[in-house]
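Overview (structure and organization)
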Amino acid sequence: MASTSKPGGTGLEEVGVPGQTFLRDALTSCTDPLKAIEEFQLENGILLPSLRPMLPLLDLHGVRRLDFHTSVLEELRDKLIVHINELGSKEGKENDKKLKDLLAKSFAIVRIKALRPVIMSILKNTPHIDDKYLRVLVRDRELYNDTDTEVKRQIWQDNQSLFGDEVSPLLSQYIREKENVLFDHENLTNLFFSPSPKVRRQGAVVQKLAHMIGTSVKLYDMVLQFLRTLFLRTRNVHYCTLRAELLMALHDLEIQDIISVDPCHKFTWCLDACIRERNVDIKRSRELQGFLDSIKRGQEQVLGDLSMTLCDPYAINFLATSAIKILQHLINTEGLPRDNTILILLLRMLALGLSAWVMIDSQEFKEPKLDSQVVTKYLPALMSLMVDDQVRALHNKLPPDERESAITTIEHSGPPPDACEAYMRESTVCGVLAMYYTLHAAKLRDRGALLRILSILGSCKDGRAYEDPFLHALVALLIQLPDEFQGEDFSTVLFDEFFFAGLTKDNVTRHILKLLWYIHPKLPETRIHTLMKALQPGTQHNESVHKLHEALQQKLNTQVEPAPSTSEIEYLDSPLMSVPTPAPYHM
């Protein structure tokens, strides 16, 4: 796209108004240039007899003719734009014809900056613009930049690369915003999973994309294709979030042209309501299940988009958290996982969401089959851990009894059942449930539960336990447990057995540095030294990791260790230390 303009420049001659060419010819062919200029001013000035006597008065006040004419032009231009907008707001073929006639008569002067807003207003209010006008706008960068979004939509319809150029910076901005929330070491309040779906889709990027799409199904399909392609290329799950948020933003705006043709609309709407209310009732579960069951042969491709909707971290968070709640409920009511239809549905949706990338990559749109042993063997093993947690919590409330404490520790604090780790290695669904059980334990501040599960959490299939949304949530909860880090056993399990197993992933370094930023005063000097050495960023890390490591190192260096008081030292050295303490008088 280049900035081009016609020779002579303005196009005034084309609309019957003497312009640069006329004035040049008049000045080159006349005998008296001053008289030629005066005649040009008289013929082309404001043809209002009553105004003529006023011009010398304005001259006396030092008002230049250019300033006067410019102010009149601006006033008339603004009034004309108001009339054009009124014309555009009324439906009817007659109004459309008037706008088209106006456009035909005035488009030639679109390169005159002062008059351009008028032409842009006509274009904005014209539902279907002829290609000959759109081609002019596309060829001239300045004109294109001044064009309203309503007009650009008509350009983008047949120019995917140009639309891609407009959308690409917005998608990059969206990813940056999500990552800023996940990685900001000073952020302890605006956590990733805190905002409601309604608040999230009010974000600037989502609203801008919705405005750019308008009611165009073609542009909406282009954005979805961009999101699928980028998700496939990067495996970045935030593109899945944007897919769901964009659809629901258009739902809020009631863009029926689009939401009525998106086959995922009703499913996404129902899931959105569940996430918002943090609950799946029987009615909603039937709606969701009915939708999944109703996908007919030949429509399987819908599963690709559905799996993206379910791969959204907010959806995964909701499904897994709800599953853990149901397991807790089943323990309290002595129920079996296989008998709970809502739990089975949640696991089915979780399996579909976690298979999104593989499904879109392979183009094999088939719902993954949930292994029955996940329900019959893994979930009971996970529930046994939760029962142990309850037994320990109850025991801690009872009067102290050394023998009973020893029995409780042996029976309810040992290594997790072998089935837990085995299934976590084999199944992503099992891995994600283990991760959310870990968050559940951290919320309850259950030290014993955390020690047990963290020792095997690193073995989750596909390294799921080292994904940013989970680590962000885990670190935020661990920061609330600073005193636990005084015990070497807790640090050994958390750092040596869990975090260090994932250090090959760049993002893990950032989450550990955030954790250290807050809990370092509780850690022994040797542990801090080991951690800082292991977390030393390399060339593969980006600048922000280097800066955070450096800032933390400075924080550690400036940390002044409190020296023991003089009285304490004197007391320890005193020979009176060996003298028995006298008995109190009141004995």
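Structure: above.
Described below are features of the structure shown in this document. Just so you know, the residues in each chain are numbered from 1, in the order the chain's sequence is written. Per-residue local features are limited, in this predicted model, to residues with pLDDT of at least 70; the limit for side-chain atom pairs, both in listing and counting, is 80 or more; totals at the level of whole chains, interfaces and linings are taken over all residues. Derived side-chain values reflect all non-hydrogen atoms in the structure, with water molecules and hydrogen atoms excluded from consideration.

As a further point, take the overall build of the protein chain. Comment: elements are numbered from the N terminus, with helices defined as DSSP H or I runs of at least four residues and strands as E runs of at least two. Secondary structure assignment for the protein chain yields 32 helices and zero strands. Whether two residues are in contact is decided by their heavy atoms, any of which lying within 4.5 Å being enough. In the protein chain, 70% of the contacts between residues at least 6 apart in sequence involve partners at least 24 apart. What sets the accessible areas is the Shrake-Rupley method with a 1.4 Å probe; for residues, cover comes only from the shown protein chains. In the structure as shown, the protein chain presents an accessible area of about 32100 Å², 55% of it carried by carbon and sulfur atoms.

By definition, no residue in a patch forms a salt bridge, and every one has over 30% relative accessible area; like charges are joined within 9 Å, nonpolar side chains (Val, Leu, Ile, Met, Phe, Trp, Tyr) within 5 Å. Take a side-chain nitrogen of Lys or Arg and a carboxyl oxygen of Asp or Glu: if they are within 4 Å of each other, that pair is a salt bridge. Counted as positive: Lys and Arg. Counted as negative: Asp and Glu, with His and the chain ends omitted from the count. Taken as the charge location is NZ of Lys, CZ of Arg, CG of Asp or CD of Glu. Together, Asp32, Glu38, Glu39 and Glu43 line one region of the surface with negative charge. With respect to the secondary-structure elements, glutamate 39 resides in helix H2 (residues 33–44).

We now examine the pattern of salt bridges. Applying the stated criterion across every chain, the model contains 34 salt bridges. A salt bridge links glutamate 421 to arginine 425, with the shortest nitrogen-to-oxygen separation between them at 2.9 Å. Residue glutamate 421 and its partner arginine 425 are both found in helix H24 (residues 418–426); the two are separated by four residues, about one turn of the helix. Overall, the relative accessible area of 47% leaves arginine 425 in the partly exposed class. When accessible area is computed with a 1.4 Å probe and restricted to protein chains, residues below 20% of their type maximum are described as buried, those above 50% as exposed, and intermediate ones as partly exposed.

Residue position: lysine 105 is located in helix H5 (residues 93–106). Residue lysine 105 is classed as exposed on the basis of its relative accessible area, which comes to 65%. When the C-alpha positions of lysine 105 and isoleucine 119 are compared, they lie 9.9 Å apart, and in sequence the two are 14 residues distant.

Attention now goes to unusual backbone geometry. The backbone of glutamate 254 sits at a positive phi, close to 55°, despite the residue not being glycine. By the element assignment, glutamate 254 lies in the loop between helix H14 (238–252) and helix H15 (256–259). With a phi angle near 55°, glutamate 334 is a residue other than glycine that sits in the positive phi range. Among the secondary structure elements, glutamate 334 is positioned in the loop between helix H19 (313–333) and helix H20 (341–354).

Summarising the element assignment, leucine 87 is placed in helix H4 (residues 65–89). Of the residues examined, leucine 87 reaches a relative accessible area of 16% and is grouped as buried. Separated by twelve residues in sequence, leucine 87 and leucine 99 place their C-alpha atoms 7.8 Å apart. Leucine 87 has contacts with Asn95, Lys98 and Leu99, leaving out every residue within four places of it along the chain.

A surface patch of nonpolar side chains, about 270 Å² in accessible area, is lined by Leu27, Leu34 and Ile37. Here isoleucine 37 is to be found in helix H2. On the basis of relative accessibility, which here comes to 36%, the residue isoleucine 37 falls in the partly exposed class.

Our focus in this paragraph is the side chain of aspartate 272. With respect to the helices and strands, aspartate 272 occurs in helix H16 (residues 265–277). The exposure class assigned to aspartate 272 is buried, which follows from its relative accessible area of 8%. Pairs of N or O atoms within 3.5 Å make up the polar contacts considered here, provided that, within protein, one atom can donate a hydrogen while the other can accept it, and that residues adjacent in sequence are counted only when both atoms are side-chain atoms. A distance of 2.9 Å separates the side chain of aspartate 272 from the side chain of arginine 201, its partner in a polar contact. If we skip the residues at most four places from it in the chain, aspartate 272 touches Pro197, Arg201 and Met248.

The next subject is the packing of H19 against H20. To define axes, lines are fitted to C-alpha atoms, for helices over the stretch in contact only, and angles between the resulting N-to-C directions are given on a 0 to 180 degree scale. Relative orientation of the contacting elements H19 and H20 amounts to 150°, with a least axis distance of 10 Å. In this view, H19 runs roughly antiparallel relative to H20, as classed from their interaxial angle. Our pair here, H19 against H20, has a crossing hand that is left-handed. From H19, Ile316, Leu319, Ser322, Ala323, Ile326, Leu327 and Leu330 reach across to H20, where they touch Ile342, Leu343, Leu346, Met349, Leu350 and Leu354. Note on residue classes: Ala, Val, Leu, Ile, Met, Phe, Trp, Tyr, Cys and Pro are nonpolar, Asp, Glu, Lys and Arg are charged, and everything else, Gly too, is polar. Here the residues of the contact of H19 with H20 are counted per class, giving twelve nonpolar, one polar and no charged. Convention used here: angles under 35 degrees read as roughly parallel, angles over 145 as roughly antiparallel, angles from 65 to 115 as roughly perpendicular, and any remaining angle as oblique. By definition, turning the near helix anticlockwise from the far helix through less than a right angle yields a left-handed crossing, and turning it clockwise yields a right-handed one.

Once that is clear, we can look at the packing of helix H27 (residues 468–478) against helix H28 (residues 488–498). Contact pair H27 / H28: the axes reach a minimum separation of 14 Å and the direction vectors enclose 165°. One element, H27, and the other, H28, form an angle in the roughly antiparallel class. For the pair H27 and H28, the sense of crossing is left-handed. Counted together, Phe470, Leu471, Leu474 and Leu478 of H27 and Phe490, Leu494 and Phe498 of H28 form the full contact between these two elements. Taken together, the residues that form the contact of H27 with H28 break down as seven nonpolar, no polar and no charged.

This part takes up H27. An α-helix turns once every 3.6 residues. As a result, residues three or four positions apart point the same way. Most of H27 is tucked away, with eleven of its eleven residues classed as buried. When H27 is considered as a whole, its buried residues turn out to be Asp468, Pro469, Phe470, Leu471, His472, Ala473, Leu474, Val475, Ala476, Leu477 and Leu478. Elements that come into contact with the buried residues of H27 comprise helix H10 (160–183), H19, helix H25 (428–443), helix H26 (447–457), H28 and helix H29 (506–519).

Within the fold, aspartate 468 resides in helix H27. We note that aspartate 468 is buried and unpaired, the nearest opposite charge coming from arginine 510 at a distance of 7.6 Å. A distance of 3.0 Å separates the side chain of aspartate 468 from the side chain of histidine 511, its partner in a polar contact.

One less than the number of residues in a helix, times 1.5 Å, gives the span that helix is expected to have. Compared with an ideal rise of 1.5 Å per residue, which puts 18 residues at 26 Å, helix H13 (residues 217–234) spans 26 Å between its outermost C-alpha atoms and is within 8% of the ideal. Those residues of H13 lying buried are Leu219, Tyr220, Met222, Val223, Leu224, Phe226, Leu227, Leu230 and Phe231. Arginine 235, located one to two residues past H13, shows a positive phi value of around 60°.

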